[in-house]
Amino acid sequence: MEVQVDTGPRQAGGGLGVARSTSSGRAARASAIPWARFSAWLECVCVVTFDLELGQALELVYPSDFRLTDKEKSSICYLSFPDSHSGCLGDTQFSFRMRQCGGQKSLWHGDDRPYNSKAPLALQREPAHYLGYVYFRQVKDSSMKRGYFQKSLVLVSRLPFVRLFQSLLSLIAPEYFEKLAPCLEAVCNEIDQWPAPVPGQTLNLPVMGVVIQVRIPSRVDKLEPNPPKQCDQENLLPAPVVLTSVHELDLFRCFRPVLTHVQTLWELMLLGEPLVVLAPSPDVSSELVLALTSCLQPLKFCCDFRPYFTIHDSEFKELTTRTQAPPNVVLGVTNPFFIKTLQHWPHVLRIGEPKMSGDLPKQVKLKKPSRLKTLDTKPGLYTSYTAHLHRDKALLKRLLKGVQKKRPWDAQSALLRRHLLELTQSFIIPLEHYMASLMPLQKSITPWKSPPQICPFRQDDFLRSLEHAGPQLTCILKGDWLGLYRRFFKSPHFDGWYRQRHKEMAQKLEALHLEAICEADIEAWMKDKSEVEVVDLVLKLREKLVRAQGHQLPVKEVTLQRAQLYIDTVIGSLPKDLQAVLCPP
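All residue numbers refer to position in the chain's written sequence, counted from 1. Local features in a predicted model are, by the rule used here, given only for residues with pLDDT of at least 70; side-chain atom pairs are given and counted only at 80 or more, and totals for whole chains, interfaces and linings are based on all residues. Computation of side-chain values: all heavy atoms of the structure, hydrogens and water removed.

Naming follows an unreviewed UniProt entry, where the protein appears as UDENN domain-containing protein of Myodes glareolus. Per UniProt, the comment on the protein under Sequence similarities (unreviewed entry) is "Belongs to the DENND6 family." UniProt positions are given in the numbering used here, feature names are shortened, and annotations may be inferred rather than shown by experiment.

Right, dumping it as structure tokens:
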């Protein structure tokens, strides 16, 4: 059962709340593509309803010409409804993450590099997964055959802006459930007039008579959470709703039942260990999984994660098989059946019903995996893992004191976020220092030779360096840091971090090499060179220029201009026939 609003493709236009028009060719071309501005934020909007004959069914996809594969449609249907064990009455918001199956890709997303090159690693666009942000309503309705109104409004995106999209849903979903399709069409048209998300910019996003003001984080931001500054360029009426973050969750609320084990959970995330989070409802499961995957920032979380996962998922067999070791996935589930299915997993976190009182809820206890046998398993962290670092009792005391003094939860979250950030930085800084020592010296880069190679990463050399330059310089926590680094070397996060740093260093080397060429006396070099050598230089310089202009090399604009001037100079020195080959009309 699938009904699609037949709006057809339309030209995206400028308008209310949009950043001032730019003369760049990219923006002009992009705005000529149907739904270009909408697609900069969302892939599509879906409505999932309950059909007596079919079960969950896709009622509407918007824009109507966005194509999902049958497998993607099925996944969205099952992931957009809480399972029967949750018993969610009223309104519930949660999120999911699912694998793309080769359907239509938005034209706007032909090249993610301009956004990804400026965005923090953790906020880059998902290359192979969709993120679903769900607003589910289940209320009694005697006019329905089942006696209940059950429907979900789903925003499908590749941007991990959970706070922004949840706020957007809380505005549009209640209105949609009352007025249905015409309301949704109007909202999508408004989103199609938003400016594109540009890292480092504060944007005003008008929707349904409200202006949401957000700042898109940039890679060069300081790592302290700063609320966006109010824009004084325009007198906005009504006054904008300022979101302090597009992505940060209320960490304290998410971690309240597991505060005594935050450090152990941080280690499990750092090492990319398989973890099942069994929660009473999809909102608790998805928020806790997202909180866990965010606690490694500024490190990018390199493993798979599913904030909400069901037994109907197309990847159920793949992720629950016993024929091989559990995959490096953090899985959020609500069906107790998973306790039996995933008994072989090394770490299971069972969370009880959330308590809304002001006191700290009862903390889950560490328990042996062997006790994980029955469907009515009690809350606890079931693992045989022993943390390498000692627990930070001072942090727990400060958080507990905050609860007693009724400190605002956002202040408690900031305290917890800072602790996790400093812990991750203390762990990463020695690795960064050692990696920097592998970079060839700048004086070894000469214009007419290939740039020197980056030295190999030797784990034993690094571990020896910890004695005088280890995490003890910036972190008061004691414990087996060496053992933690040894296990980290085997994890997907070391591989992801090393590949990223090596790529950045290789690009820096290439940029320095290009600068060295541009600062050299090219005419003196050409005097005793053959035409073959000169043509080879032109081709290599052109290749470097193309890479640099494609946001792949960190070079200044003046260097690019000089490189182009050198290419023109070199080509001008060649015979006319060669010039015609290198510069065809």
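Student: What am I meant to see in the overall build of the protein here?
Tutor: The helix count covers DSSP runs of H or I at least four residues long, the strand count covers runs of E at least two residues long, and both are numbered beginning at the N terminus. When its secondary structure is counted, the protein shows 20 helices and 14 strands. The burial tally for the protein puts 50% of its 585 residues in the buried class. Note on contacts: a residue pair is in contact if any heavy atoms of the two residues lie within 4.5 Å. Considering only residue pairs separated by 6 or more positions, the protein has 73% of its internal contacts joining residues 24 or more positions apart. Exposure was quantified through the Shrake-Rupley algorithm and a 1.4 Å probe, taking into account, for residues, occlusion by the shown protein chains and nothing else. By element, 53% of the accessible surface of the protein is carried by carbon and sulfur atoms, the whole surface being about 28600 Å². A 1.4 Å probe rolled over the protein chains alone gives each residue an accessible area, and that area as a share of the maximum for its type sets the label: buried under 20%, exposed over 50%, partly exposed in between.

Student: I tried to follow empty space enclosed by the protein on my own but got confused; where do I start?
Tutor: Gaps left between atoms are located by rolling a probe of water-molecule size over the structure's atoms. Cavity means a closed set of points on a 1 Å grid over the protein atoms alone, one where a 1.4 Å probe fits but cannot get out, pocket means an open set with protein on both sides within 12 Å along at least 5 of 7 lines, and lining means a residue has an atom within 4 Å of a point. Grid points are joined across faces, edges and corners, and a volume is the space filled by probe spheres set on the points. One pass over the structure, following the stated rule, counts one cavity of 30 Å³ or more. The volume enclosed by the largest cavity comes to roughly 50 Å³. Forming the walls of the largest cavity are Leu259, Thr260, His261, Val262, Gln263, Arg391, Asp392, Leu395, Leu396 and His419. If you list the elements that add at least two residues to the lining of the largest cavity, you get α8 (262-270) and α12 (393-404). Amino acids outside the nonpolar list (Ala, Val, Leu, Ile, Met, Phe, Trp, Tyr, Cys, Pro) and the charged list (Asp, Glu, Lys, Arg) are all regarded as polar, and Gly is one of them. Per-class residue counts for the lining of the largest cavity are four nonpolar, four polar and two charged.

Student: Would you take a moment to explain the confidence of the model for the protein for this structure?
Tutor: One rule of thumb: low pLDDT means the predicted coordinates there are not for detailed reading. By definition, pLDDT measures how confident the predictor is in each residue, and it falls between 0 and 100. Averaged over all residues, the pLDDT of the protein equals 84, while 86% of them reach at least 70. This stretch, residues 1-31, has a pLDDT under 50; its non-local contacts, to residues over four places away or in other chains, come to 71 contacts. Predicted confidence is poor over residues 225-233, with pLDDT under 50, and the contacts of this stretch with residues over four places away or in other chains come to 17 contacts.

Student: I tried to follow the pattern of salt bridges on my own but got confused; where do I start?
Tutor: When charged atoms on two side chains of opposite charge get close, those side chains can pair. Any Lys or Arg side-chain nitrogen located within 4 Å of an Asp or Glu carboxyl oxygen qualifies as a salt bridge. By the definition in use, this model includes 23 salt bridges. Measuring nitrogen to oxygen at the nearest pair gives 2.6 Å for the salt bridge that ties Arg97 to Asp304. Here the residue Arg97 occupies a position in strand β3 (residues 90-99), and Asp304 occupies one in strand β10 (residues 304-306), the gap between them amounting to 207 residues. Owing to a relative accessible area of 6%, Arg97 belongs among the buried residues under this scheme. With a shortest N-O distance of 2.9 Å, Arg306 and Asp304 are connected by a salt bridge. This pair shows no difference in class: Arg306 is buried, exactly as Asp304 is. Beyond isolated ion pairs, a larger network of salt bridges with shared partners links Arg97, Arg99, Glu126, Asp304, Arg306, Glu315 and Glu318.

Student: Even after reading the chapter, I still don't get the environment of Leu421, so can you show me in this structure?
Tutor: Within the fold, Leu421 resides in helix α13 (residues 409-437). A residue is classified by how much of its surface remains accessible, and Leu421, at 12% relative accessible area, is buried. Considering only alpha carbons, one finds Leu421 and Leu299, 122 residues apart in sequence, at a separation of 9.5 Å.

Student: What am I meant to see in the nonpolar core here?
Tutor: One finds Trp41 and Phe255 to be the most contacted residues of the largest nonpolar core, which totals 111 residues. Beyond its immediate chain neighbours, meaning those up to four positions away, Phe255 contacts Val262, Leu288, Ala291, Leu292, Leu416 and Leu420. Each nonpolar core is a collection of buried residues, namely Ala, Val, Leu, Ile, Met, Phe, Trp, Tyr and Cys, held together in the definition by side-chain atoms within 4.5 Å.

Student: Mind showing me how you'd approach the side chain of Gln100 here?
Tutor: As for its position among the elements, Gln100 is in the loop between β3 and α4 (113-116). The class for Gln100 is buried, based on a relative accessible area of 11%.

Student: What is the right way to read the sheet that holds β3 from this model?
Tutor: Pairing between sheet strands relies on hydrogen bonds along the backbone, with the strands arranged either parallel or antiparallel. What makes two strands pair is DSSP finding at least two bridges between them. Strand order across the open sheet formed by five strands is β2-β1-β5-β4-β3, with antiparallel pairing between neighbours. Bordering the open sheet on either side are β2 (55-62) and β3, each of which pairs with just one other strand. Neighbour-to-neighbour, the strand axes of this sheet turn through a mean angle of 25°, independent of strand direction. As defined by bridge partners, strand β1 (residues 44-51) adjoins strand β5 (residues 148-157) across six bridges and the pair is classed as antiparallel. Residue pairing across strands places Val48 opposite Ser152, the latter belonging to β5. Note on geometry: axes are C-alpha line fits, over the in-contact stretch for helices, and angles between N-to-C directions span 0 to 180 degrees. Most of the contacts of helix α3 (residues 70-79) go to β3, to which it runs at about 150°, and overall it touches β1, β2, β3, β4 (129-140) and β5.

Student: I'm lost on a positive patch on the surface in this one. Help?
Tutor: On the surface, a cluster of positive charge is contributed by Lys355, Lys362, Lys365 and Lys378. Along the chain, the position of Lys355 falls in the loop between β12 (347-350) and β13 (366-367). By relative accessible area, which is 54% here, Lys355 ends up exposed. A residue counts toward a patch only above 30% relative accessible area and without a salt bridge, and it is joined to like-charged neighbours within 9 Å or, for Val, Leu, Ile, Met, Phe, Trp and Tyr, to nonpolar neighbours within 5 Å. Think of it this way: Lys and Arg go in the positive column, Asp and Glu in the negative one, and His and the chain ends go nowhere. Each charge is placed at NZ for Lys, CZ for Arg, CG for Asp and CD for Glu.

Student: What am I meant to see in the pairing of β4 here?
Tutor: Counting buried positions along β4 yields 10 of 12 residues, so the element is predominantly enclosed. Pairing geometry for β3 and β4, over 10 bridges, is antiparallel. Its bridge partner lying in β4, Met98 is registered against Tyr130.

Student: Where do I start with α8 in this structure?
Tutor: Within an α-helix, residues lying three or four positions from one another point in the same direction, as the helix has 3.6 residues per turn. The buried fraction of α8 amounts to nine of the nine residues, a majority that puts the element mostly inside the structure. Within the sequence span of α8, burial applies to Val262, Gln263, Thr264, Leu265, Trp266, Glu267, Leu268, Met269 and Leu270. Gly272 sits one or two residues past α8 and shows a positive phi near 65°.

Student: I keep staring at the sheet that holds strand β14 (residues 380-383) and nothing clicks. Help me out?
Tutor: Taken together, six strands build an open sheet; the order of strands is β10-β11-β9-β12-β14-β13 and the sheet is mixed. Looking at the sheet topology across the chains shown, the edges are occupied by β10 and β13. In this structure, β13 lies alongside β14, joined through two bridges in parallel fashion. Each residue of the ladder has a partner; that of Lys367, found in β14, is Tyr382. In the packing of helix α9 (residues 282-294) onto the sheet, the strands contacted are β9 (275-278), β10, β11 (329-333) and β12, and the crossing angle to β11 comes to about 160°.

Student: How should I be thinking about the packing of α13 against helix α16 (residues 492-519) in this particular structure?
Tutor: Helix-helix packing is characterised by the crossing angle of the two axes and by the distance between the axes. Between α13 and α16, the shortest axis-to-axis distance is 12 Å and the interhelical angle comes to 35°. The hand of the α13/α16 crossing is right-handed. Between α13, through Ile428, Leu431, Glu432 and Met435, and α16, the contact on the second element is made entirely by Trp497, Tyr498, Arg501, His502 and Met505. Residue composition of the contact of α13 with α16, grouped by class: six nonpolar, one polar and two charged. A crossing counts as left-handed when the near helix is turned anticlockwise from the far one by less than a right angle, and as right-handed when that turn is clockwise.

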